[in-house]
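Structure assessment
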Amino acid sequence: MSSTVASTGTRHGTLGTSASRPDGVAKVQGGFAFSSDMWADNMLWGATLRSPHPYARITSIDVSGAYEIDGVSTVITAADVPGKLTYGLIMQDQPVFAAIGDTVRYSGEPVAAVAADHPETCQRALAAIKVIYEVLTPVTDPEDCISGVAEQIHPDGNIFRHQRIISGDTSIVGAIQVEGTYEIGMQDQAFLGLESALAVPDSGGHGLEMYVATQWLHEDRKQIADCLNMPEENIRLVLGGVGGAFGAREDISLQVHTALLAMKSGRPVRISYGREESFYGHVHRHPAKIWMKHHADTNGKIVKIEARMVFDGGAYCSTSPAVLVNGITHTQGPYKCENAIVDGWAVRTNNPPCGAMRGFGVVQACFAHESQMEKLAVAAGLSPVEIRLLNAMETGDRMITGQIMDSVAPVAQCIRETDAIPLPPPMSQDADLRTIPGGTGLTALPSNIKRGVGWGVSIKNLMYSEGFDDYSTARCRISEGVVTIKFATSEVGQGFTMLAQQIARTVLGVDDVFLDTIDTQVGSAGSTSASRQTWMSGGAVQAACRAALEQLFDHVATKNSMNRAELEIEGTDIVDRLTGQRVAVLAAIDGVDIDCTEEYHHPATEDMDENGQGNCHVAYAFVAHRAVVDVDLELGLVKVVQIATAQDVGRVLNPLSAMGQVEGGIAQGLGLAVMEEIIVKDGKVRNPSFTDYLLPTFLDAPTVEMVFIEEHEPKSPLGAKGIGEPPCISVTPAIANAIRQAVGRELPRVPIRPYDICL
Amino acid sequence: MPVLIPRNVDELVEVFQEHPQAKLLAGGTDYMVEVNLHGRKPETMISLRQVKELTEWSVRPSQSRITIGAAVPYADMEHGEIARLVPALAQAARTVGSPQIRAAGTLGGNLGTCSPAGDSLPVLAALGAMIHVIGPDGNRDIDFVDFMVGVKKNSLKPSEFVHSVSLPIIEGWQGYAKVGTRNAMVISTASACLVRDIDEGIVTIALGSVGPTIIRARDAEAWLTKSTSLRAGADLNPAVAQEFGRRVALESRPIDDHRSTADYRRHAVGVLAQRLLTRSFS
Amino acid sequence: MSINLPVSGAAQSHEMYSLRVNGQLHEVKDAWIGESLLYVLRERLGLPGAKGACEQGECGSCTVIVDSKAVCSCLVMAADAVETEILTVEGLGPDGALTDVQSAFLSEGGVQCGFCTPGFIVAVHHLLENNPHPTDDEIRESLSGNICRCTGYGRILEAVRTVADQRRKNS
């Protein structure tokens, strides 16, 4: 029941207002401590030696040269790992370091690490380590793994997961059939705040404290503890300021290496990746190849979907099995359909490891189904809006997994509200050349440009799936007249710290809410991913605050002879509804000592069976995007002019923050549509820099016109849905469809490159 | 090992002779990338920051030439008098990296690095720039085409440095265009500078990022001179512009790499040539 | 005569140089010659406001002002920045007070993870000093060297507009 929260007014700083970020002032002044700003007395710098080969057997490692360099303190290899030799989120299949006799399985795999007095000393030490490799032929084609012709490159095999969905009447044949094979390139999360961690060992050498930028402190600690062969309670992880995450901080990158260097040297050690190393150091969005065939009746109503999806997971598992399930279970998109045959594969190759990125498998599926919807519209003689409205999913629909859609599902409303947003004016013939394709390169005049409009609509699951209990924990203390909230929720920029304060202000009727350090000294919050923290950690903070409020009411009722059952918070007062008697909360909490820790669990989900049937997801959110693009047909250059969007959010908890999530997600989806790709050839990354991995600049960002669909989600503790992922999902196919409309080509692959358009 | 900071050109000559192995540092926007990312180990550095003469530019109306010091930052070329006199250079300058890079980067840097993707270089090639260099044996002027001799190779001798670049002030039209896959701050996948001298009745065009050096499309230029009048008041048949683009493309020698394909670069540079020529008549 | 400024490649060097940052002269001792201004500011002078995210001038997170120009401090050799006036994000606001640009980034929602923010703040100050009334297109181009991965730039655009409007009204 969310009425306590919902019924309160709009006092600034409470839910529904654009409260101020608690970290805001420090961030604009440059004083906010990101993990890369952490520093300790007597600190050493760490650095990692990585394999230049995608697949090679290590025949020897000689670190003696590194020790000959002045300033080098410690060198570690696989032989120095005291505990578990591998780590990983789902399967622990990734070596801390590749060992002599074993193989490296991707270009960039860690082989050794050093600690020294200066980053430059580290670089020289790395150069002095001699590793002899027997270079092997890498497995780079996922189809070779599926067919079995590829060499098995890991003892666990080359298939991370194979999962089918067989649903309903699979014999149905549609009067209209459209099909296509679509490809999605490897996208990088490209957070700006590079990986960094500071590990400080206890003087006795039995434990350590680590400051790290991560999405999930407790999961990191578990994996670090295993590798260090140390009890988890001997390790305290503190969240170092996180400069964006987008999925790339779900897996271990430098955590274990930093900890090992600190334990072996007995000194604080910081590792801070540079941009190039970051491209090697974290997992990326899975490149995927998806075949889809839609069957529809003569009116264009979808009657069956066939699909085959292949996700290249790269060398190690990371979250590939879960990404695959997200992909295949979102095959139908936000459309009604009960009949399906889907075959999904996530495989191991010698390409860079892939895992979580904003949208998590759904980005890939959505690009395919929205490309299909465009073809279906043409085949059925309908407009892009008509075909989508005709098939729009609703609450109560049975999906291809057999799960009944029990979330609020305003798909048609998202489409209609987006459609109602005015289109931008046509390009003027004296338009500022900065704003047309080619930008400051002055390649085109307005007369060279053609405009296109395209649509994309998506569905995204929220929270973790397939039976996983990704609970969250929060603690609310009222002591010495001060309210303090503690949680282990990673603030990665999304603004959870702000939201936690808003919740506490709203529930408890106080204005000042202090936030305790974000660390492992409280229960797990789960990961800041899957659009889950507003729901999950928001739920936990609300629960902890409500529990504290109950105790406060007990205290106040007794002290002031008020009717306990009639107390409620009104603004910053506690009010007895029966008598109208009021006590200011600030006065009421003076002298009380309350300490409540609560967990929030979402409704349980279940594994899917061999036919992909089961209630595997917790809840869903929806969004529609309409893209307007200008295209230089001869040069293949694109400028995205406007994105119109209506998003199903349940409830807007912080308007400014919600806008920021929408605009930011759109920019990332735009990147995937037209410029962002890690180019891998023969297992090697060809563009590990910001010169060659292009992110949208200010001049590439479109105007965004947005509408929020606020229909309270009854399952959600705050009535709100997660809003982080949906913005970046269907915007990519919307842009692709707009370009297709302008160009008149199928363009089955993103990012769409200039030569795809014009050659 | 020192950072040497000469105060004037004479001191610079002297210091560079004493330390022939030293590296010159102007904006640092190329060199520091080498240090930060590619393991370059600086030893002796000579800073050009205090050599005022290199940061100046001047016009000699009698000779219709503008001389721009090697350490003038690109930001100073985007607007104002330089932009008015050499608009193609201003257009190229505007596409160099980001505003922050343009505040530091210089012509001397582009010439020192001599990358085929150096944004200003097609302009220097199309305008027939003279590169004024100073060294132990005195001064000399090098025609740009003789200056850039290969990928990241120039014809500077030991202890020689670029003092300034001299460009003709052309009566006519000039323009620069650069293709990259985003609308700002992007390395070029193909670029071109076209200069139409309406007094002489000639067009020159130079291409960037489509060969080991900047390429002057001389055959296409010659064909164009024969095929149409390029003098003031002339008209252009669109078919001529199209054929010109086709011929320019044929003279490019692009490669496939992670930034683009040879086919696209060849195609794009032809489109740029066609468009620039067309613009020169509008 | 030229100044011969020795900067050591070895940690045991006793050579030093001085940088003037935010009006204060700082001595830099025992530095490696290859250190960028970004590194020296952050790791030697205790000024972590400038951030490193690409080390090659492609993101703008390390933007500082050197002699009235906004530059990428990762591409300035620190030992070459002697005799310049360096201004970092830490030196913008008097006595810890927020500048109008900083306030607008907060009020308009221009901050998420905050990693690009100091570089943006410096770049926006520089922009508005040189062009007090920029059009939206001018804002976009002038800030195209500052990459933000979180916001999609919409709220940052709003913040810059807000400051320009306020300054117009106040002038």
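**Here's the deal with the overall build of chain B**
Tallying secondary structure elements over chain B gives 12 helices and 14 strands in all. For 282 residues, the compact-globule formula gives about 19 Å, and the C-alpha radius of gyration of chain B, at 19 Å, lands near that figure. Relative to its 282 residues, chain B shows a buried fraction of 59%. Element-wise, carbon and sulfur atoms account for 48% of the exposed surface of chain B, whose accessible area totals about 10,700 Å². Between the centroid of the 30 positive side chains of chain B and the centroid of its 30 negative side chains there is a distance of 6 Å.

**Regarding the interface of chain C and chain A**
How big an interface is tends to be stated in terms of accessible area lost as the parts join. Opposite the 57 residues of chain C that make contact, chain A presents 60 residues. Interface area, chain C with chain A, both sides summed: about 4,400 Å², of which 57% is carbon and sulfur. In terms of surface lost to chain A, no three residues of chain C exceed C:Q112, C:R140 and C:R149, which account for 19% of the buried area on that side. In this structure, the connection of chain C to chain A is made through six salt bridges. A salt bridge links C:R149 to A:E676; the shortest N-O distance between them is 2.6 Å. At the boundary of chain C with chain A, the tally comes to 27 residue pairs in polar contact (both at pLDDT 80 or more). At the level of elements, α1 (37-44), α2 (100-107), α3 (117-130), α4 (136-142) and α5 (154-170) of chain C are the ones that each hand at least two residues to the side of chain C that touches chain A. Tallied by class, residues from the side of chain C that touches chain A come to 27 nonpolar, 15 polar and 15 charged.

**A look at the pattern of salt bridges**
Tallied over the entire structure, the rule returns 73 salt bridges over all chains. A salt bridge links A:R221 to A:E232; the shortest N-O distance between them is 3.6 Å. With a gap of 11 residues between them, A:R221 in helix α6 (residues 217-228) and A:E232 in the loop between α6 and β13 (235-239) connect regions that are remote in the sequence. Among the ionic pairs, B:E34 bridges to B:R40, the shortest N-O distance being 3.9 Å. Judged by relative accessible area, which is 29%, B:R40 ranks as partly exposed. Three or more residues joined by partner-sharing salt bridges are found here, namely A:E209, A:R236, A:R477, A:K486, A:D516 and A:D519.

**Here's the deal with the packing of aromatic side chains**
This structure, assessed with the given rule, holds 16 aromatic pairs over all chains. Residues A:F32 and A:F34 carry aromatic rings whose centres are separated by 4.8 Å and whose planes lie at 75 degrees to one another, so their mutual orientation is edge-to-face. Overall, the relative accessible area of 1% leaves A:F34 in the buried class. Linked through ring pairs, A:F698, C:F105, C:F120 and C:Y153 together constitute an aromatic cluster. Its guanidinium or amino end placed over the ring of A:F191, A:R249 lies 3.7 Å from that ring's centre, counting from NZ or CZ.

**Here we look at the interface of chain B and chain C**
Taken together, the contact between chain B and chain C spans 39 residues of the former and 41 residues of the latter. Overall, the association of chain B and chain C removes approximately 3,100 Å² of surface from exposure, summing both partners, and the carbon and sulfur fraction of that is 56%. For the interface between chain B and chain C, the tally reads four salt bridges. Note that B:R49 is salt-bridged to C:D80, the shortest N-O span being 3.5 Å.

**Some remarks on the side chain of A:Q215**
Residues and elements named next belong to chain A. Locating Q215 in the fold gives a position in the loop between β12 (208-212) and α6. When its relative accessible area of 1% is taken as the criterion, Q215 is described as buried. When neighbours within four sequence positions are excluded, Q215 is seen to be in contact with A245, F246, G247, A248, R249, E250, S490, V492, G526, S527, T528 and S529.

**Focus: a negative patch on the surface**
Together, A:E606, A:D607, A:D609 and A:E610 make up a region of like negative charge exposed at the surface. If you trace the backbone, A:D607 turns up in the loop between β27 (593-600) and β28 (619-632).

**Structural notes on the environment of A:F553**
Residue and element names in this part refer to chain A. Structurally, F553 can be placed in helix α14 (residues 533-560). Taking the relative accessible area as the measure of exposure, F553 reaches 4% and is therefore buried. Once you skip the residues sitting within four places of it in the chain, F553 turns out to touch R564, L567, E568, I569 and I574.

**Brief notes about helix α1 (residues 9-18) of chain B**
The complete set of buried residues in α1(B) reads B:V9, B:E11, B:L12, B:V13, B:V15 and B:F16. Capping the start of α1(B), B:N8 holds a side-chain oxygen 3.2 Å from the backbone nitrogen of B:D10, two or three residues further along.

**Brief notes about the pairing of strand β4 (residues 63-66) of chain C**
All names here are of chain C. Going residue by residue along β4, you find T63 and I65 tucked away on one face and V64 and V66 tucked away on the opposite face as well. Inspection of the sheet shows β4 paired to strand β5 (residues 69-72) by four bridges, in the antiparallel sense. Of the residues in β5, the one forming a bridge with I65 is A70. Linking two consecutive strands that pair antiparallel, namely β4 and β5, is a turn of two residues; a positive phi of about 50 degrees is found at D67 within it. Note: β4 against strand β6 (residues 85-87), two bridges, orientation antiparallel. Paired with V66 across the two strands is I86, which belongs to β6.

**What to know about the domain arrangement of chain C**
All names here are of chain C. Taken domain by domain, chain C holds domain 1 (16-90) and domain 2 (94-170). Centre-to-centre separation of domain 1 and domain 2, based on C-alpha positions: 21 Å. Residue-level contacts link 16 residues of domain 1 with 12 residues of domain 2. When domain 1 packs against domain 2, the two sides together hide about 970 Å² of surface, and 65% of this comes from carbon and sulfur. Taken as a group, K51, T63 and V89 account for 40% of the area that domain 1 buries against domain 2, more than any other trio of residues on that side. Along the contact surface separating domain 1 from domain 2 lie zero salt bridges. Summed over the shared surface of domain 1 and domain 2, the result is four residue pairs in polar contact (both at pLDDT 80 or more). Counting only elements with at least two residues in the side of domain 1 that touches domain 2, the list comes to β4 and β5. Of the residues forming the side of domain 1 that touches domain 2, the biggest block, three residues, is contributed by β4. Its residues assigned to classes, the side of domain 1 that touches domain 2 shows six nonpolar, seven polar and three charged.

**What about the pairing of strand β21 (residues 472-479) of chain A?**
Residue and element names in this part refer to chain A. Here eight bridges tie β21 to β27, and the two strands are oriented antiparallel to one another. Across the sheet, the residue bridging to T473 is E599, located in β27. Taking the residues between adjacent antiparallel strands as the criterion, β21 and strand β22 (residues 482-487) are bridged by two residues, where E480 takes a positive phi near 50 degrees.

**Concerning the confidence of the model for chain C**
Put simply, chain C has an average pLDDT of 92, and 91% of its residues get 70 or more. In this model residues 1-14 of chain C is a low-confidence stretch, pLDDT under 50, and it forms 43 contacts with partners more than four residues away in sequence or in other chains.

**Some words on the domain arrangement of chain B**
Residue and element names in this part refer to chain B. One can read the domain layout of chain B as domain 1 (3-168) and domain 2 (173-280). One C-alpha centre belongs to domain 1, the other to domain 2, and the line joining them spans 24 Å. On the domain 2 side, the residues contacting the 25 residues of domain 1 number 22 residues. Between domain 1 and domain 2, a total of about 1,700 Å² is buried, with carbon and sulfur atoms accounting for 64% of that surface. If you sort the residues of domain 1 by the area they bury against domain 2, P116, P122 and A126 come out on top, with a joint share of 29%. Here domain 1 is connected to domain 2 by one salt bridge. In this structure, D119 and K178 form a salt bridge, with 3.0 Å as the shortest nitrogen-oxygen distance. Inspection of the region where domain 1 meets domain 2 yields eight residue pairs in polar contact (both at pLDDT 80 or more). Put simply, the parts of the chain that give the side of domain 1 that touches domain 2 at least two residues each are α5 (87-94), α8 (121-127), α9 (144-147) and β8 (148-150). By residue number, the principal contributor to the side of domain 1 that touches domain 2 is α8, which donates six residues.

Calculation criteria
Residues numbered from 1 in each chain as written. Chains lettered and ligands numbered in written order. Predicted model: local features only at pLDDT ≥ 70, side-chain atom pairs only at ≥ 80, totals over all residues. Heavy atoms only, no water. Helix = DSSP H or I, 4+ residues; strand = E, 2+ residues; numbered from the N terminus. Rg over C-alpha atoms; globule rule 2.2 N^0.38 Å. Buried < 20%, exposed > 50% of the residue type's maximum accessible area, 1.4 Å probe, protein only. Areas by Shrake-Rupley, 256 points an atom, 1.4 Å probe, with all protein chains shown as cover. Lys, Arg positive; Asp, Glu negative; His and termini not counted. Charge placed at Lys NZ, Arg CZ, Asp CG, Glu CD. Contact = heavy atoms within 4.5 Å. Buried area = accessible area lost by both parts, 1.4 Å probe. Salt bridge = Lys/Arg side-chain N within 4 Å of Asp/Glu carboxyl O. Polar contact = N/O pair within 3.5 Å; in protein donor to acceptor, adjacent residues only side chain to side chain. Nonpolar A, V, L, I, M, F, W, Y, C, P; charged D, E, K, R; others polar. Phe/Tyr/Trp six-rings, centres within 6.5 Å; stacked < 30°, edge-to-face > 60°. Lys NZ or Arg CZ within 6 Å of the ring centre and 35° of its normal. Patch = residues over 30% accessible without salt bridge, like charges linked within 9 Å, V, L, I, M, F, W, Y side chains within 5 Å. Pairing = 2+ DSSP bridges. Domains from an automatic or database assignment. pLDDT = per-residue confidence, 0-100.

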